Amino acid sequence: MTMLAIGLDGANWNLVDKWIADGKLPNLRRLKENGIGGTSKSCLPPLTVPNWKCYSTGKNPGNFGVFRFDRIDTESRSHTFHDYSDFDSPELWDYLNADGLTTGIINKPSTYPPKAVDGFMVSGGPDASDSEYRSLESGFTYPSALGDELQAAFDYDVHPTPMISPSETGDREVEAILDLIETRFQVARYLLDREAPDFLHLTIFYNMALQHYFWREEPVLRAWKVIDENLAGFIDDGHDLVIFSDHGTCRVDVTFYINVWLEENGYLTTEQTVDRRLRSLGFTRERALRIAKRLGMVDVLSKTVPERIQKVLPWEEGLKRDRVLSAVDWDETSVLASNQGPVYLTLDRDDAEYEPLRTELIERLQALSHPETGAHIVDAVHRGEELYSGPYAGASPDLVIEQGDNVHTSDAIGPNSWWANTGVWQGGNTRNGLFLFHGPSFRQGATDADAEIVDIAPTILHSMNVPVPDDMDGTVLDVFEDDADNAVTYRTPLSTPNSAARTESESVEQRLADLGYLE
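Before going into details, it helps to say that this report is about the structure given with it. Since we're looking at a predicted model, the values are computed, not measured. (Residues numbered from 1 in each chain as written. Predicted model: local features only at pLDDT ≥ 70, side-chain atom pairs only at ≥ 80, totals over all residues. Heavy atoms only, no water.)

## Examining the side chain of H201
Rule in force here: A run of H or I in DSSP becomes a helix once it reaches four residues, and a run of E becomes a strand once it reaches two; helices and strands are each numbered from the N terminus. Residue exposure (1.4 Å probe, protein chains only): buried if accessible area is under 20% of the type maximum, exposed if over 50%, otherwise partly exposed. Distance and chemistry together define a polar contact, namely a pair of N or O atoms within 3.5 Å, with one atom able to donate a hydrogen and the other to accept it when in protein, and with adjacent residues in sequence counting only for side-chain atoms on both sides. Any pair of residues with heavy atoms lying within 4.5 Å of one another is described as a contacting pair.
For H201, the location among the structural elements is in strand β8 (residues 199–204). Among the residues examined, H201 registers a relative accessible area of 0% and is labelled buried. For H201, the side chain forms a polar contact with the side chain of T203, separated by 2.6 Å. Contact partners of H201, with chain neighbours within four places excluded, come to A5, G7, W52, Y55, W93, G104, I105, I106, K108 and F244.

## Quick word on a negative patch on the surface
Threshold: Every patch collects residues that have over 30% relative accessible area and no salt bridge, joining them within 9 Å if they carry like charges and within 5 Å if they are nonpolar side chains (Val, Leu, Ile, Met, Phe, Trp, Tyr). Surface accessibility in these figures is a Shrake-Rupley result with a 1.4 Å probe; residues are shielded only by whichever protein chains are displayed. Each reported salt bridge corresponds to a side-chain nitrogen of Lys or Arg within 4 Å of a carboxyl oxygen of Asp or Glu. Positive charges come from Lys and Arg alone, negative charges from Asp and Glu alone, with His and the N- and C-terminal ends not counted. Throughout, a charge is located at the NZ atom of Lys, the CZ atom of Arg, the CG atom of Asp or the CD atom of Glu.
A grouping of E75, D348, D350, D351 and E353 is seen on the molecular surface, where their side chains present a negatively charged patch. The residue D351 is located in the loop between β13 (342–345) and α15 (354–366) in this model.

## Topic: the sheet that holds strand β12 (residues 335–337)
The criterion, for reference: DSSP-based pairing: two strands are paired if at least 2 bridges between them are found. Orientation is described by axes fitted as lines to C-alpha atoms, over the contacting stretch for helices, and by angles from 0 to 180 degrees between their N-to-C directions.
If you walk across this open sheet you meet the four strands as β12-β13-β15-β14, and the pairing is antiparallel. Both edges of this open sheet fall to β12 and β14 (378–383), since each of them pairs with a single strand only. For this sheet, the mean angle separating the axes of adjacent strands, direction not counted, is 25°. With three bridges connecting them, β12 and β13 associate as antiparallel partners.

## Description of the packing of helix α5 (residues 145–154) against helix α6 (residues 171–195)
Defined as follows: In these notes the angle categories are as follows: under 35 degrees is roughly parallel, over 145 is roughly antiparallel, 65 to 115 is roughly perpendicular, and the rest is oblique. What makes a crossing left-handed is the near helix being turned counterclockwise from the far one by less than a right angle; a clockwise turn instead makes it right-handed. Asp, Glu, Lys and Arg are counted as charged, while Ala, Val, Leu, Ile, Met, Phe, Trp, Tyr, Cys and Pro are counted as nonpolar; the rest, among them Gly, fall into the polar class.
Between α5 and α6, the least distance of the axes is 12 Å, while the angle of their chain directions is 120°. When the axis of α5 is compared with that of α6, the two are oblique. In the packing of α5 onto α6, the handedness of the crossing is right-handed. Along its contact with α5, which presents L146, E149, L150 and F154, the element α6 presents T183, Q186, V187, Y190, L191 and R194. Class assignment of the residues belonging to the contact of α5 with α6 gives a composition of six nonpolar, two polar and two charged.

## Things to note about the pairing of strand β1 (residues 3–8)
Summarising burial for β1: six of the six residues are buried, a large majority. With five bridges connecting them, β1 and strand β9 (residues 240–244) associate as parallel partners. What sits directly across from G7, in β9, is F244. Pairing of β1 with β8 involves six bridges; the strand directions are parallel. Pairing of L4 across the sheet is with L200, part of β8.

## Some points on the sheet that holds β8
Pairing between the strands of a sheet is mediated by backbone hydrogen bonds and can be parallel or antiparallel. Taken in spatial order, the nine strands of this open sheet run β7-β6-β5-β8-β1-β9-β19-β2-β20, and their pairing is mixed. Looking at strand neighbours, the two that pair on one side only are β7 (141–142) and β20 (449–452), the edges of this open sheet.

## A look at the packing of aromatic side chains
Our working rule: To pair, rings of Phe, Tyr and Trp, with the six-membered ring standing in for Trp, must have centres within 6.5 Å; the planes then decide the type, stacked if under 30 degrees apart, edge-to-face if over 60, and tilted in the middle. Here, a charge over a ring is recorded when the distance from Lys NZ or Arg CZ to the ring centre is within 6 Å and its angle to the ring normal is within 35 degrees.
Under the counting rule described, the total for this entry stands at 16 aromatic pairs. An angle of 45° between the planes, with centres 5.9 Å apart, marks the rings of F64 and F87 as tilted. Remark: F87 occurs in the loop between β4 (78–81) and α4 (92–98) and F64 occurs in the loop between α3 (48–57) and β3 (70–73); sequence separation between them is 23 residues. Just as F64 is buried, F87 falls in that class too. What links up through ring pairs into an aromatic cluster is the set W52, Y55, W93, F199 and F244. Here K32 stacks its cationic end above the ring of W13, 4.4 Å away from the centre of that ring. Lying over the aromatic face of F87, K53 brings its terminal NZ or CZ to 4.9 Å of the ring centre.

## Some remarks on the packing of helix α1 (residues 13–21) against helix α8 (residues 218–236)
Following both chains from N to C, one finds α1 and α8 inclined at 75°, their axes separated by 12 Å at the closest point. One finds that α1 runs roughly perpendicular with respect to α8. Contact residues: α1 offers L15, V16 and W19, while α8 offers V220, L221 and W224. Here the residues of the contact of α1 with α8 are counted per class, giving six nonpolar, no polar and no charged.

Here it is in structure tokens:
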């Protein structure tokens, strides 16, 4: 039997337990009743990237060098978006292949461009993109001919059309995501039956987009019903199965505009820009996109209007991601932040004021509370090099914020206040995800255990009698039947198979921004 790993982006028990109890997700109920699992905690920040890589490498970001989708370089005053070639580590399937086992990977974020494996790879996630608002037409699979086959047989798309975005969350956008989820499972079943790989990984990603915009409303339940219905066949076939997530989702009660707070408190200074003036006059990207969609001209405009002109239009919420950098008065700025965690200082780390400034920020941010409710805005603030371990820990952000309960941290510049009770998202990211092992190799137990996302890969390797590399941060979970002859074995790490070509970042950033990830 194939070992199946099904990743459900943004899943946690708080999101689905009531639906399970009400009988709306019967197959997830079967898995809970006959499997073993619990809560899996993500690495910080609790985002798709880095956490799908934390899973596949079994390591914290300090051991592979990427801490978020993107990073701000305060020395060069630039914004860098990461691609597959920036992750410095072998992955789970590399070790399976090295042990003579075949693998299939479908739709896992941070696998674009695809690499050669002993098996097949279908790239996925928001980073698999070659142009704005459009799915890839080629080059998203290994072997390359597989992409044409999937598009011919299943009308396979890497991304939904039309793309859901802050301004477009209607029936067409929802239906496109539901169709995409269904197709993911159809392709997984097709390739499983035809190729019979020893290991198959499938990520369901765009359910998370619905959770961002609808939290637990009807569109989200519809997506989970599609997921649940498609789990039945895998359960009935008797495969070893692990269901898990990169992080969880929580209701957003408050949006924390961290760069607004930094500016109000003298750490950040911004200048007037063309896009800020356009926003004040009501000329925004959301408004332009709504008009373009209404006229059926999105593809035409995305191809004919230069990217630099498209980027002049601001978001309704304010300036975000690289546009934030264009508004910064760098000579008068000491601190700048990204959304959902990373904070960057403009001071050199050997500057005498660097550590006192970090200490001051930690104390002030940790003391921050909601002006109306008194709830914590920030649970903790970590020094990057202390939060992470490994050869890249020193390249981490200067500080990393751990958000308070039901708080979403946005980097937008433009809001009149550093906090708001509404925002782009209804559902935000939280560290607590879920994991569940089910099948003949695993014992039946409760779902109250605790794990780290880095524990999933070594546990899968051990379940398949493959030695665990001794540089993985994760440990093998106690999910097996007692067996004195089943001791964990270890091996030396493989060298990094990082030969993928860099992909253009502009369109990838745009897709992430449409989903609200680069606020």
